[in-house]
Amino acid sequence: MLDKAVSVLDCFRPNGGAFRLTELAARTKLPKTTVFRLCADLVRLGLLERDAETYRLGGALFELGSLVPRRQDLREAALPFLQDLFEATHETVHLGVREGHEVIYVERIHGHDVLRLPSRIGGRLPLTCTGVGKALLAFSGAELVEEVLAEPLPRLTPHSITDPARLRTAVEQAQVAGLAYEEEEAAQGVSCIAAPVFDGPTAVAALSVAVPCGRFRPAQLAPAVRTAALGLSRALRGVRRPAGSAWTEDGPSGGWWPR
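Residues numbered from 1 in each chain as written. Predicted model: local features only at pLDDT ≥ 70, side-chain atom pairs only at ≥ 80, totals over all residues. Heavy atoms only, no water.

Peer 1: Now, about the side chain of T128: what can you tell me, with residues and values included?
Peer 2: Looking at where T128 falls in the secondary structure, it is placed in the loop between β6 (124–126) and α6 (131–138). Sequence-distant contacts of T128, that is, excluding residues within four places in its chain, are made with K134, L137, V148, L153, P154, L167 and E185. (Helix = DSSP H or I, 4+ residues; strand = E, 2+ residues; numbered from the N terminus. Contact = heavy atoms within 4.5 Å.)

Peer 1: Talk me through the pattern of salt bridges; I want residue IDs and the actual numbers.
Peer 2: Counted according to the given criterion, the structure contains seven salt bridges. For the salt bridge of R124 with E99, the shortest nitrogen-to-oxygen distance reads 2.5 Å. With R124 in strand β6 and E99 in strand β4 (residues 92–99), the pair connects residues that are 25 residues apart, well separated along the chain. Using a relative accessible area of 28% as the deciding quantity, one classes R124 as partly exposed. Of the charged contacts in the structure, one is a salt bridge between R124 and E102, with a shortest N-O distance of 2.9 Å. (Salt bridge = Lys/Arg side-chain N within 4 Å of Asp/Glu carboxyl O. Buried < 20%, exposed > 50% of the residue type's maximum accessible area, 1.4 Å probe, protein only.)

Peer 1: Residues and numbers for the state of the cysteines, please.
Peer 2: Here the structure, examined in full by the defined rule, presents zero disulfides. With no disulfide of its own, C11 lies 8.5 Å from the sulfur of C39, the closest cysteine sulfur. Look at C11 and you get buried, because its relative accessible area is 6%. (Disulfide = S-S within 2.5 Å.)

Peer 1: Kindly report on the packing of aromatic side chains, identifying the contributing residues and their values.
Peer 2: One pair of aromatic rings is described through two measures. These are the centre distance and the angle between the planes. For the structure on display, the rule yields two aromatic pairs. Ring centres of F12 and F19 lie 5.2 Å apart, and the angle between their planes is 70 degrees; on these two criteria the pair is classed as edge-to-face. The class for F19 is buried, based on a relative accessible area of 11%. Between F139 and F198 the ring centres are 5.5 Å apart and the planes differ by 90 degrees, which places this aromatic pair in the edge-to-face class. With F139 in the loop between α6 and α7 (142–149) and F198 in strand β8 (residues 190–198), this residue pair connects regions lying 59 residues apart in the sequence. Neither residue differs from the other here; F139 and F198 are each classed as buried. (Phe/Tyr/Trp six-rings, centres within 6.5 Å; stacked < 30°, edge-to-face > 60°.)

Peer 1: Pulling in residues and values, what's your account of α6?
Peer 2: Of all eight residues in α6, eight are buried, a share of seventy percent or more. Two to three positions downstream of the cap, the backbone nitrogen of G133 sits 2.8 Å from a side-chain oxygen, assigning the N-cap of α6 to T130. (Polar contact = N/O pair within 3.5 Å; in protein donor to acceptor, adjacent residues only side chain to side chain.)

Peer 1: Residue-level account of the sheet that holds β4, with values.
Peer 2: As summarised here, the arrangement of the six strands in space is β6-β5-β4-β9-β8-β7, forming an open sheet in which the pairing is antiparallel. The open sheet has two free edges, formed respectively by β6 and β7 (180–183), since each of these has just one partner strand. Neighbouring strand axes in the sheet, compared pairwise and without regard to direction, differ in orientation by 30 degrees on average. As defined by bridge partners, strand β5 (residues 102–109) adjoins β6 across three bridges and the pair is classed as antiparallel. Across the sheet, residue E102 finds its bridge partner in β6, namely P126. Contacting β4, β7, β8 and β9 (203–212), helix α9 (residues 218–237) crosses the sheet at an angle of about 25 degrees to β8. (Pairing = 2+ DSSP bridges. Axes fitted to C-alpha atoms, helices over the stretch in contact; angles between N-to-C directions.)

Peer 1: Kindly report on the sheet that holds strand β2 (residues 48–51), identifying the contributing residues and their values.
Peer 2: Backbone hydrogen bonds hold the strands of a sheet together, and the pairing may be parallel or antiparallel. The antiparallel open sheet is built from three strands, whose spatial order is β1-β3-β2. Either end of the sheet is taken by a strand with one partner, and the two such strands are β1 (19–20) and β2. Sheet topology places β2 next to strand β3 (residues 54–57); four bridges connect them, and they run antiparallel. The residue bridging D51 from the neighbouring strand is T54, located in β3.

Below is the structure:
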């Protein structure tokens, strides 16, 4: 029954929303009577809410999700740096972590313009279509890169990279520069610059600035993005060099970067 209850909750991925009982039954491929009983229990537990003829995710799920220790600690450590980055750019700022071949957005601060972005807190997007995702991909080990390149590459817009050779080049460029770029690959009219955040030899997160293409100036944005990523990395692991580590201070931003 637990598996069936989770299958009901999974129906609300990736964008939430509200669903009728018949829609949930169709999505789960479970009998309507079974889904009705499951939904009643989930409503009683606060995991779902019922509004007339539809169901939506309940507040208890939000409360539980915000208590996940690893994500909560990262978000709390990152917020000052994200706020500094927002003040420096006045553009939309993201913080994301990797789960499998996707990026999960942990925090987002809106810029002054309302950009039509597919990203949202708690939402998922492919690593290959976003600046944050490319930064995570570039600094999460060669094995992950090969896994991603071996699969069909998703397309979110006509500009998404679906050619493995092009993606490999983009990853290699990110590894050299310490920055990843995305140009209208997740949302048309929006470009992004991102940098990895380290707490060891591989990236544990990445942060980015998303900007309308018309005012995307990478040379102006890069120093602020690098500074925020470096500051958060230092906050996560301390400014002292870990004993026996393979880190160096001659990286692209003058901070600790993996060899």
